[in-house]
Amino acid sequence: MDLYGKVFRDIKTNDIVLRPYNPDKEKYYELIKAAKNEGLKQVIINSEIMTSILYNTIEQDGIVLKVNMTENTDQDVKDNVQLIIKKLRYDKLVFSKLKDELEWAEDSNSIDITSIEIYLHNKKYQIFSNGIVAGSDLNKLFVNNIKAVLEEYFNG
């Protein structure tokens, strides 16, 4: 069973936190509103951060399963990305080709990468640009992968 969480940043402390989210029992806007009332600001995971999470996944011997791009992305770019991902499973050095293929999307204001699917710590996860994370052991993924990337991004 997949669990869901939403990534936020504490306005006062700049701490990155993962708040549980159950889409079957809670409306998304209610989650955002409640978090805002608690002094949390939602984190949008732009394409630059997504690429860093992908790299972090590879460094931790994880597998990149899929990179989902916006509808506006050229089909040949999407196809190239998927071909590189297939090769990446057997040769981690191919990550540089993936990074090159996604370089155009790495602007910090870009959300051209809408979600990624990774396999890490023997579990499959999906990370969305709106800060939603899905998988079975979210705390482990958050602490060992996402939080470190976000802290480096926000704190330099």
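You'll find the structure just up there.
Description of the structure in this document. (Residues numbered from 1 in each chain as written. Predicted model: local features only at pLDDT ≥ 70, side-chain atom pairs only at ≥ 80, totals over all residues. Heavy atoms only, no water.)

### Section: unusual backbone geometry
Here comes step 1: Its identity is not glycine, yet His121 carries a phi of approximately 55°, on the positive side.
Here comes step 2: By the secondary structure assignment, His121 is in the loop between strand 5 (113–120) and strand 6 (123–128).
Here comes step 3: The partly exposed category is assigned to His121, whose relative accessible area is 23%.
Here comes step 4: Residues other than glycine seldom take positive phi values, yet Asn122 does so here, at roughly 65°.
Here comes step 5: Looking at where Asn122 falls in the secondary structure, it is placed in the loop between strand 5 and strand 6. (Helix = DSSP H or I, 4+ residues; strand = E, 2+ residues; numbered from the N terminus. Buried < 20%, exposed > 50% of the residue type's maximum accessible area, 1.4 Å probe, protein only.)

### Details of the packing of helix 2 (residues 47–59) against helix 5 (residues 138–155)
When two helices pack together, their arrangement is given by the angle between the helix axes and by the axis-to-axis distance.
Here comes step 1: Close contact between helix 2 and helix 5 brings their axes to 9 Å; oriented N to C, the two are set at 135°. Regarding the angle of helix 2 to helix 5, the classification is oblique. Crossing hand, helix 2 versus helix 5: right-handed. Here helix 2 contributes Glu48, Ile49, Ser52, Ile53, Asn56 and Thr57 to the contact with helix 5, which in turn contributes Asn144, Asn145, Ile146, Val149, Leu150 and Tyr153.
Here comes step 2: Counted by class, the contact of helix 2 with helix 5 contains 6 nonpolar, 5 polar and 1 charged residues. (Axes fitted to C-alpha atoms, helices over the stretch in contact; angles between N-to-C directions. Parallel < 35°, antiparallel > 145°, perpendicular 65-115°, else oblique. Left-handed = near helix turned anticlockwise from the far one by under 90°. Contact = heavy atoms within 4.5 Å. Nonpolar A, V, L, I, M, F, W, Y, C, P; charged D, E, K, R; others polar.)

### Digging into the layout of surface pockets
A water-sized probe rolled over the atoms picks out the places where empty space is left.
Here comes step 1: For the largest pocket, the calculated volume is near 170 Å³.
Here comes step 2: In terms of lining, the largest pocket is formed by Glu48, Ile49, Ser52, Tyr55, Asn56, Glu59, Ala148, Val149, Glu152 and Tyr153.
Here comes step 3: Counting residues per element, the ones that place at least two in the lining of the largest pocket are helix 2 and helix 5.
Here comes step 4: Partitioned by chemical class, the residues of the lining of the largest pocket number 5 nonpolar, 2 polar and 3 charged. (1 Å grid on protein atoms, 1.4 Å probe; cavity = no way out; pocket = protein on both sides within 12 Å on 5 of 7 lines; lining within 4 Å. Points joined across faces, edges and corners; volume = space filled by probe spheres on them.)

### Some thoughts on the pattern of salt bridges
Here comes step 1: This structure, assessed with the given rule, holds 3 salt bridges.
Here comes step 2: With a shortest N-O distance of 2.9 Å, Glu38 and Arg19 are connected by a salt bridge. Taken together, the residues span a long stretch of sequence, with Glu38 in the loop between helix 1 (28–37) and strand 3 (40–42) and Arg19 in strand 2 (residues 16–21) at a distance of 19 residues.
Here comes step 3: Classification of Arg19 by relative accessible area gives buried; the value is 18%.
Here comes step 4: Ionic pairing is found between Lys92 and Asp61, a salt bridge with its closest N-O pair at 2.3 Å. In this pair, Lys92 sits in the loop between helix 3 (75–88) and helix 4 (95–102) while Asp61 sits in the loop between helix 2 and strand 4 (63–69), placing the two residues 31 residues apart along the sequence.
Here comes step 5: Judged by its relative accessible area of 39%, Lys92 is partly exposed.
Here comes step 6: For Asp61, a relative accessible area of 60% translates into the label exposed. (Salt bridge = Lys/Arg side-chain N within 4 Å of Asp/Glu carboxyl O.)

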